[in-house]
Amino acid sequence: MRSITRAGLRAIGLLAATGALCAAATVPAMADEPGTTWQPELSEGTGNGVVVSPDGARFDRSTAFGAPADEGDTESSADPAEVVPTGLLTLAPHTLDTPTREVDSRLVADTPHGSTASVDVRGKRAGGGWTEWIPAEGSRTELPEAVTEVQGRLVLTATGAADPTVREVTLTATPSAGAEGEPLTEAAPRSYSVFVTREGLVGGTTANGHKIVNRDRFVALPSRRALSANGKTDYSVKVCAPNGRCAIAPVWDIGPWNTKDDYWNPSNERQMWKDLPQGVPQAAAARNGHNGGKDQFGRKVANPAGIDLGDGIFWDVLGLKDNSQVQVDYLWTGSQRLSAIRTEGAPDVQILARPETGAESVGIAVDATEVPVQCTSGAFVRIGDGQYLPTTAFAGLPGDVPACDAPAAPTPSDASAAGPTPAAPSAPGASAAPGGSAAPAASGGSTSPAASGGTAAPAASGGTAAQAAAGSAAPAAPAGPAASPAPGGSATSPAPGGSAGAAGSPAPAAPSAPAGAAPASPAPSPSGADRPGTGAPAAGGSTAGTPSPGPTPTPAPTSDVPDGASQAARVMPGSAQRAPSGTP
């Protein structure tokens, strides 16, 4: 956004004298270009950290994420100087007559010193899902594909004493020539093996305004590009543990460690860290010396986490007792048909191992999440290898879903459209896994991190927006019944003694790629030998992969596995577990 002062505007007669009360205005000059222009009603927007009044959309410190929490709710941030309080206001979508890939955003906004006002834009894909939120560069946003429905999101930040206020938003979509008529080819979502940590912070608030409850079921990723609105599931992941259990859950928080690290995107599309390979979280690369071993805030990275899980997902659904390597499918990145889950009041629905009533549970799908629909088998729908949901669990299914026992005729595009899901490349300084497939050394731990020194036990997790406000380590697993039984009939119990850590043998290898993809070489996760706890995750043994029958992938040689102290997370008293969040 281009800013010009109110005084300057009055000098050329563009504003009334009342503008003298405003500190600054973000008003890009009008361009003589064709397109569809509209002004979203600010009063119809929803979000966190923004209050709308007749005067406009004003930044609200009391509900902004990244801001210090109210006394008594959670502990204050250990790194308050690094926190950038941020508010988000999602505006109403707008349908276009012609497709567009370029949107110009213009704000009339008061932005005092230390504050900012900007716009993120996204578009509705031909298949029904949304693109990621793309931050405007200047006043222009280029979308990854042509769309006919566009939505804006205000982003307000304030580190000074005064707060920004947006009075008007104008969006203009430029028509894209030749954008219509492109065939829709189904492709699997991107999938990478990454290191996972637990969010915790019951009673805290996430970046989208969600109040964290006991045994909550959501995830956090280190970029607001894939942040769903509170209660929404536009961006969801399927995360599978080494024991074969999986969860499909929405992205409701930002973190761990970084806030601009959309590592699942191609390097040239990443908001930050364009020098890293696709699929490698910056926190993982930092463990091999990237950026001097530090995150975007200049803090020494203590573990290679690329995703955080709510306690209910971590403990109850996946049966994890310690931080681990997991396989993550970023469901919005594919072009597979997706259908929404409707549980009629239940928080989630069980994923079954076979298409039959009474089959054992191999995971859950959170209510309202959209899951991939592959084929039908009687009264069940296959959503992955060895993963089925009853048809009654869906709000509606496409009319052309094939039967699972009716193979489709191959087409020339099949091989390229449904090619193997890529394993995350090795981070800088890491060696490749056997078999020619590069395992993500930084994220999976197949080589000792160069920056870690080999033996120093890391401090706390880098964290998400919720923990930026809370600052201290997440609480230990409370005693309570497991919501989802682990394979074999035994319920997973939380780690005793106030620790979620594990000791003993190395954790199992990372899961293989999802259905229809060639399995990537698994990357072993840290052993956690020096950590307190009760051992490796219960249930499922040490095999990796999605819960489909077949041979167990061969793990990388144990000589490449770090000793645990060099890469596993450990909470240190008084340290900040969460990364500062809210940076625009």
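I will try to describe carefully the structure that is included in this document. (Residues numbered from 1 in each chain as written. Predicted model: local features only at pLDDT ≥ 70, side-chain atom pairs only at ≥ 80, totals over all residues. Heavy atoms only, no water.)

**Focus: the environment of His-290**
Take His-290: it is sitting in the loop between α2 (282–286) and β17 (305–309). The class of His-290 is buried, set by a relative accessible area of 11%. Here the alpha-carbon distance between His-290 and Leu-276, two residues 14 residues apart in the chain, equals 8.9 Å. (Helix = DSSP H or I, 4+ residues; strand = E, 2+ residues; numbered from the N terminus. Buried < 20%, exposed > 50% of the residue type's maximum accessible area, 1.4 Å probe, protein only.)

**Notes on the nonpolar core**
If you look at the biggest cluster of nonpolar residues, it comprises 31 residues, and the most contacted ones within it are Ile-307, Leu-309 and Tyr-330. Among the elements of the structure, β13 (190–198), β14 (219–221), β15 (236–240), β16 (246–254), β17, α3 (311–317), β18 (324–330) and β21 (361–366) are those that each provide at least two residues to this core. In terms of residue count, the dominant contributor to this core is α3 (4 residues). Apart from residues lying up to four places away in sequence, Tyr-330 is in contact with Pro-189, Arg-190, Ser-191, Tyr-192, Val-194, Leu-221, Ser-236, Val-237, Tyr-263 and Trp-264. In this structure, Leu-89, Leu-91, Ile-134 and Leu-143 belong to the second largest nonpolar core, which totals 26 residues. (Core = buried A, V, L, I, M, F, W, Y, C linked by side-chain atoms within 4.5 Å. Contact = heavy atoms within 4.5 Å.)

**Quick notes on the pattern of salt bridges**
Under the counting rule described, the total for this entry stands at 19 salt bridges. Between Arg-140 and Glu-142 there is a salt bridge; the shortest N-O distance is 3.3 Å. Arg-140 gets classed as partly exposed once you look at its relative accessible area, which sits at 36%. Since its relative accessible area comes to 45%, Glu-142 is described here as partly exposed. Between Asp-262 and Arg-225 there is a salt bridge, with its nearest N and O atoms 2.9 Å apart. Remark: Arg-225 occurs in the loop between β14 and β15 and Asp-262 occurs in the loop between β16 and α2; sequence separation between them is 37 residues. Under the relative-accessibility criterion, Asp-262 is labelled buried at 0%. Note on Arg-225: relative accessible area 10%, which makes it buried. Here the salt bridges do not stand alone but share partners, grouping Glu-102, Arg-140 and Glu-142 into one network. (Salt bridge = Lys/Arg side-chain N within 4 Å of Asp/Glu carboxyl O.)

**Considering the pairing of strand β25 (residues 387–390)**
Where strand β24 (residues 380–384) and β25 come together, 4 bridges link them in antiparallel fashion. Within β25, the position partnered with Arg-382 by the bridge is Tyr-388. The hairpin turn running from β24 into β25, its antiparallel successor, is 2 residues long, and Gly-386 in that turn takes a positive phi close to 65°. (Pairing = 2+ DSSP bridges.)

**Points about the state of the cysteines**
Enumeration over the complete set of coordinates arrives at 2 disulfides. Sulfur-sulfur distance for the disulfide between Cys-240 and Cys-246 comes to 2.0 Å. Around the S-S axis, the bridge from Cys-240 to Cys-246 shows a dihedral of about 110° and counts as right-handed. Both residues of the pair, Cys-240 and Cys-246, belong to the buried class. With its sulfur 2.1 Å from that of its partner, Cys-375 forms a disulfide with Cys-404. Because the torsion about its S-S bond is 95°, the bridge between Cys-375 and Cys-404 counts as right-handed. Pair noted here: Cys-375 is in strand β23 (residues 375–377) and Cys-404 is in the loop between β25 and α4 (414–417), with a separation of 29 residues, a long-range link. Among the residues examined, Cys-375 registers a relative accessible area of 3% and is labelled buried. (Disulfide = S-S within 2.5 Å.)

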